[in-house]
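Geometric and topological summary
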Amino acid sequence: MFKINIKSKKFMTPEKTENLVLKNLEFNVEENDFMSIIGPSGCGKTTILRILAGFDNDFEGSLEYSPNSDNNYEKFESLGKIGYIPQEFSLFPWLNIEKNIRFGLDIKNIPKKEQDDTVERLLDLVGMTEFRKYLPHEISGGMKQKIAICRALAINPTSKLIVMDEPFSALDAQTRNSLQEDLLEIWRKQKLTIVFVTHNIDEATFLSRRVLVLTKLPAKVLKEFNIEISHQRDRTSLEFNKIRKDLLSYLN
Amino acid sequence: MEKITITSEKKPKFRIIVNITLGFALFIGFWYIFVFILQISHNGISVVPYPHDAFKSFFFLFSHPYDGVTLIEHVGASLFRVFVGVLYAFIIAIPLGIVVAINPILDGIIKPIIEMIRPIPPIAWIPFAIITFGLSTASHAFIIFMGAFFPLLQNIYDGVRQSSKVYQDVARSLGASRSQIAWDVILPSILPNIITGLRVAIGVGWMCVIAAEMMGISGAGIGYFINYMKNIGHYSNMVAGMLMIAIIGLGINGIFVLIEKYALNWKLNQ
Ligand SMILES: Nc1ncnc2c1ncn2[C@@H]1O[C@H](COP(=O)(O)OP(=O)(O)OP(=O)(O)O)[C@@H](O)[C@H]1O
Ligand SMILES: [Mg+2]
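The structure displayed is predicted, hence computed values, not measured ones. (Residues numbered from 1 in each chain as written. Chains lettered and ligands numbered in written order. Predicted model: local features only at pLDDT ≥ 70, side-chain atom pairs only at ≥ 80, totals over all residues.)

1. Brief notes about the interface of chain A and chain B
Taken together, the 18 residues of chain A in the interface contact 15 residues of chain B. Per-class residue counts for the side of chain A that touches chain B are 12 nonpolar, 4 polar and 2 charged. (Contact = placed C-beta atoms within 7 Å. Nonpolar A, V, L, I, M, F, W, Y, C, P; charged D, E, K, R; others polar.)

Structural data, given as structure tokens:
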């Protein structure tokens, strides 16, 4: 389990004043969780994710991890140990699909044979085996994000944690819906733990087990929702729309 | 109503060949007319040779050395100087460009120096080169260096500056160290800028070497040859030398087109 406690996170504005973005923000991420973070635009969602991913150490607070559920928490260094999927398409454009997936293994000098097996398994997982030699510009946006997930999974992240910052927002609605289903399938099959930032209430309702609703700046947790309905959710069902309405009422 | 046909983007090969031939024929035609007009206005004497005379000299010079030196040897001497000058520029500009683009303090210190030296045209360095390095390859290389260095530096600097932060973030999240990010992310992502920089650098270097040779730094090189032929009044040889420069320029360009097509395929289609 991961324990995130951000006491305060400030940025400097161009006018050299302090901008307090996050204050007393606390939450846990459990094994095999699917947690979404929603909140008003500019409330600090990306900032949270960058702290979680280990890019930003300039904050007051702590990032802790306990391998078992025995409350033995230790400080956690995320870089190289959790998967990160940014909003923009992020495949290295000069490497083909296969080499993109290999990147994290290559820099760790993992033996070739082991790399091959991992690449094979992940390409198979997303059903893209025949695209291995393609360059990123030769595949669709949806495919790019699937390969980005493979690349993140290749390094075998701690607790299979992947953090995603609006990963589907650059896709059209139809691709987006089908990718949401693909993501759930991967999540289920691989027992992933996912922290998912989105603007989209429908997306959060469709995907998550838990939803964190944040307040405006400085952001803290306004409300934590558990979504009890089982996956294979029907976007048109009454239950689904009720949850959506609830979320919406908190956002406004 | 007339039907409008939309021609496809990719022209067929023969069409390209026809276009090139047509353009070439047009050029030769104008050349003839130009020389003809010169002749009329100068009582039947033209100092500029007709195309056929120039081409005859051109092919003749391939197999017949002039003063013991063939045209190819002159070209070789010039190309070697360009190679040396550009090589030095390359070796210095790549690390400097990367470091300056990444480090704001160094940027602040080095930028002003660069901006001060850059406006001096490379050719204005010729007298300086002669008094410093004498009449040597080093002299030529220095002048070419002064021409090639700045475009290379600028391209690399811009490349690093524009190199997407996202790729660096992803690499970090996958566990890449600083040096791995530099080698495996920044370097490949600025490869197109390096190639563009080199293309410009070699172009400028080629101009500089010819100018330097014409200023008489040495007794070899295509620039020297052209100038020498002018001085002794052998104008068809002079123009043949110019033709040689054109052909080398085309060749260099062709090499870069190929590099971009095969090595930078990902960039062109982005
Ligand atoms: N590098 C930075 N320097 C200064 N201020 C920053 C920086 N990054 C973010 N901020 C500020 O922090 C606040 C939160 O930004 P953040 O990008 O985390 O919001 P967000 O919730 O992800 O927004 P969006 O919904 O638009 O993606 C904003 O007010 C922003 O101006
Ligand atoms: Mg954001």
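After that view, the rundown keeps rolling.
2. A closer look at the environment of Ser-230 of chain A
All names here are of chain A. Considering the arrangement of structural elements, one finds Ser-230 in the loop between strand S10 (221-226) and helix H7 (238-251). On the basis of neighbour count, Ser-230 is assigned to the exposed category, with 6 C-beta atoms found within 10 Å. Counting along the chain gives 21 residues from Ser-230 to Arg-209, while the straight-line C-alpha distance between them is 8.8 Å. (Helix = DSSP H or I, 4+ residues; strand = E, 2+ residues; numbered from the N terminus. Buried ≥ 20, exposed ≤ 12 C-beta atoms within 10 Å, placed from the backbone.)

3. Overview of the nonpolar core
Membership of the largest hydrophobic core comes to 69 residues, with the highest contact counts inside it found for Leu-52, Cys-150, Ile-162, Val-163, Ile-194, Val-195 and Phe-196 of chain A. Counting residues per element, this core draws most heavily on helix H4 (residues 141-154) of chain A, which supplies 8 residues. Beyond its immediate sequence surroundings of up to four residues, Ile-162 of chain A is in contact with Ile-82, Gly-83, Ile-85, Ile-149, Ala-152, Pro-157, Leu-192 and Ile-194 of chain A. Counting 47 residues, the second-largest nonpolar core is a separate cluster that includes Ala-89, Val-100, Ala-201 and Phe-225 of chain B. (Core = buried A, V, L, I, M, F, W, Y, C linked by C-beta atoms within 7 Å.)

4. Brief notes about the packing of helix H2 (residues 97-106) of chain A against helix H3 (residues 112-125) of chain A
All names here are of chain A. With their axes 10 Å apart at the nearest point, H2 and H3 run at an angle of 130 degrees to one another. Compared by their axis directions, H2 and H3 come out oblique. Crossing angle aside, the handedness with which H2 passes H3 is right-handed. Only Gln-115, Thr-118, Val-119 and Leu-122 of H3 make contact with H2, whose side of the interface consists of Glu-98, Ile-101, Arg-102 and Leu-105. Considered class by class, the residues forming the contact of H2 with H3 number 4 nonpolar, 2 polar and 2 charged. (Axes fitted to C-alpha atoms, helices over the stretch in contact; angles between N-to-C directions. Parallel < 35°, antiparallel > 145°, perpendicular 65-115°, else oblique. Left-handed = near helix turned anticlockwise from the far one by under 90°.)

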